[in-house]
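Listed here are the chains, written in short residue letters.
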Amino acid sequence: MPQHDPSADEPDVTPGAPPAASPPAEVPPPVPVPAPGVDPDEPPAVPSGKFGTPGRPLRRSSFLIGFTGALGVLLAYTLYLGIRNAGGILVLVVIALFLAVGLNPAVVRLRRWGVPHGLAVAVVALTVVLLLCGGVVALVPPIVTQSGQFIDQIPSLLDELRRNPTVNDLVERYDVVERVQGAANADTIGRALGGVLGGAQLIFGTVFRTLTVLVLTIYFLAYFDRLRSLGFSLVPRSRRERVQLIGDAILTKVGAYMVGALSIAVLAGAITFVFALIVGLPYPFALAVVVAVTDLIPQIGATLGAVIVTLVGFASDLPTGIACAVFFLIYQQVENYLIYPKVMRRSVEVNEVAALLAALLGVALLGVVGALIAIPTVAALQLILREVVLPRQETR
């Protein structure tokens, strides 16, 4: 039986030769660390290659940083100039967007009843147009009629003034006739024509702005879902669901505010119409439309409509004017302290003090437009404060 030589299993080692090197250990690949603010679950953006291969990023230098800062300042100033010059158009866009958000619940309700989207938008837009036309028809004829009556009564008024000895004495003492003839020169006539042209420009400008708001509102209603989806798609995917829920709640509050404000305005117009019929005011429907339209303006609208109707009452006779003043004084207290808080508390859920401060600031910043969007803006800020800011402060 042969004996096993243990040296046969050992590798041949040449005397004086270095030992064989062991194989290198495998080094694990580095774990990629995502950049701050980047969602690790979202796949990285890969260039399409259609426009070539991206080059290496530029090296940071003091010149490049300064140039970039100066370019940013120039761009910000240019943006400021653009917003300032286009302020009127931007206000119209804001009004149209606000109206579209307020009218969208009506479109949604019609779609739930099985009406196609295009037909629902057309029905809502046609209703708004009919309401505007009804207001114009109610307001323009009284103004034209009363203006014509005033022009027809001018000769009789002048005759009565001439028969008055006190007026004749004042005319002779202060040379009124010569002053009138001296004022009727070319400069005075030019200024008068300028005033007439300015009035015509104001009328046509108002019509143009009204039509612009109407057209933009219809477009926003037709593409409301697309615009909403586009706005939410700009938010990072990790936060999109929460932002969408909060955004939908804000849109719901704006729509509820519009419905509540329209309900209060219609109620004020209906009560004014009944009161005008009882006391015998001229043009009761036109006055009711005036009160309903002005009542849409928070804080100051109801007072403005009351002043207009009260002046018409005093123009009729003194007891009617006193009755109008007393009626609106009582009704405004009822509306401010009973109707308005209950309707807005159920629809928008805004504190009364916050609503008053928001309306005052809105009027100071943007005028009537600021007063219109003040309360929905406060409702949105209140929701964001309650759902985002305060919980984050509690976790710190």
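Preceding this paragraph is the structure being described.
Since we're looking at a predicted model, the values are computed, not measured.

### So, the overall build of the chain
Logical step 1: When helices and strands are counted, the chain shows 13 helices and 0 strands.
Logical step 2: When each of the 396 residues of the chain is scored for burial, the buried share is 23%.
Logical step 3: Across the chain, every contact between residues at least 6 apart in sequence was considered, and the portion connecting residues at least 24 apart equals 65%.

### Some details on the nonpolar core
Logical step 1: Judged by nonpolar contacts, the single largest core of 18 residues is most densely connected at Phe98, Tyr257, Met344, Val348, Val350 and Ile375.
Logical step 2: Of all the secondary-structure elements, those providing two or more residues to this core are α2 (87-112), α8 (237-279), α12 (352-366) and α13 (368-395).

### Quick notes on empty space enclosed by the protein
Logical step 1: A complete count under the given rule lists 1 cavity of 30 Å³ or more for this structure.
Logical step 2: Estimates place the volume of the largest cavity at around 50 Å³.
Logical step 3: Ala268, Val291, Asp295, Ala302, Phe328, Tyr331, Gln332 and Glu335 together form the lining of the largest cavity.
Logical step 4: A total of 4 residues in the lining of the largest cavity trace back to one element, the largest contributor, which is helix α11 (residues 318-347).
Logical step 5: In terms of residue class, the lining of the largest cavity is made up of 5 nonpolar, 1 polar and 2 charged.

### Notes on α8
Logical step 1: Compared with an ideal rise of 1.5 Å per residue, which puts 43 residues at 63 Å, α8 spans 63 Å between its outermost C-alpha atoms and is within 8% of the ideal.
Logical step 2: When the local axis directions of α8 are compared, the greatest deviation, roughly 30°, occurs at Val243.
Logical step 3: Of the residues trailing α8, Gly280 is marked for its positive phi of about 80°.

### As for the side chain of Thr217
Logical step 1: Of note, Thr217 is situated in helix α6 (residues 186-222).
Logical step 2: Each residue touching Thr217, except ones within four places of it in the same chain, is listed here: Ala96, Leu99, Ala100 and Leu103.

### Some words on a positive patch on the surface
Logical step 1: A grouping of Arg239, Arg242, Arg392 and Arg396 is seen on the molecular surface, where their side chains present a positively charged patch.
Logical step 2: Tracing the backbone shows Arg239 in helix α8.
Logical step 3: Classification of Arg239 by relative accessible area gives exposed; the value is 57%.

### Let's talk about α2
Logical step 1: Across its 26 residues, α2 extends 38 Å between first and last C-alpha, which sits within 8% of the 38 Å expected from 1.5 Å per residue.
Logical step 2: Of all the bends found along α2, the most pronounced is centred on Leu103 and spans about 35°, while Pro105, a proline, follows it within four residues.
Logical step 3: Listed in full, the buried residues belonging to α2 are Leu92, Ala96, Phe98, Ala100, Val101, Gly102, Leu103, Asn104, Val107 and Leu110.
Logical step 4: Once α2 finishes, Gly114 follows within two positions and takes phi at roughly 95°, a positive value.

### With respect to the pattern of salt bridges
Logical step 1: In this structure the tally under the stated criterion is 3 salt bridges.
Logical step 2: Across the pair Asp225 and Arg111 runs a salt bridge, and its minimum N-O distance is 3.0 Å. You can see Asp225 sitting in helix α7 (residues 224-233) and its partner Arg111 sitting in helix α2, a full 114 residues away along the chain.
Logical step 3: Judged by its relative accessible area of 35%, Asp225 falls in the partly exposed class.
Logical step 4: One salt bridge connects Arg386 with Glu387, and the closest N-O pair in it is separated by 3.7 Å.

### Describing the packing of α7 against α8
In helix packing, the relevant descriptors are the interaxial angle and the interaxial distance, both defined with respect to the helix axes.
Logical step 1: With their axes 10 Å apart at the nearest point, α7 and α8 run at an angle of 140° to one another. Considered as vectors, α7 and α8 are oriented oblique to each other. Pair α7 / α8 crosses with right-handed handedness. Taking contact as the criterion, the partners of Phe224, Arg228, Phe232 and Ser233 in α7 are, on α8, Arg240, Val243, Gln244, Gly247, Asp248 and Leu251.
Logical step 2: Considering only residue class, the contact of α7 with α8 consists of 4 nonpolar, 3 polar and 3 charged.

Rules of the game
- Residues numbered from 1 in each chain as written.
- Predicted model: local features only at pLDDT ≥ 70, side-chain atom pairs only at ≥ 80, totals over all residues.
- Heavy atoms only, no water.
- Helix = DSSP H or I, 4+ residues; strand = E, 2+ residues; numbered from the N terminus.
- Buried < 20%, exposed > 50% of the residue type's maximum accessible area, 1.4 Å probe, protein only.
- Contact = heavy atoms within 4.5 Å.
- Core = buried A, V, L, I, M, F, W, Y, C linked by side-chain atoms within 4.5 Å.
- 1 Å grid on protein atoms, 1.4 Å probe; cavity = no way out; pocket = protein on both sides within 12 Å on 5 of 7 lines; lining within 4 Å.
- Points joined across faces, edges and corners; volume = space filled by probe spheres on them.
- Nonpolar A, V, L, I, M, F, W, Y, C, P; charged D, E, K, R; others polar.
- Expected span 1.5 Å × (residues − 1).
- Bend = angle between axes of the 7 residues up to and from the residue.
- Patch = residues over 30% accessible without salt bridge, like charges linked within 9 Å, V, L, I, M, F, W, Y side chains within 5 Å.
- Areas by Shrake-Rupley, 256 points an atom, 1.4 Å probe, with all protein chains shown as cover.
- Salt bridge = Lys/Arg side-chain N within 4 Å of Asp/Glu carboxyl O.
- Lys, Arg positive; Asp, Glu negative; His and termini not counted.
- Charge placed at Lys NZ, Arg CZ, Asp CG, Glu CD.
- Axes fitted to C-alpha atoms, helices over the stretch in contact; angles between N-to-C directions.
- Parallel < 35°, antiparallel > 145°, perpendicular 65-115°, else oblique.
- Left-handed = near helix turned anticlockwise from the far one by under 90°.

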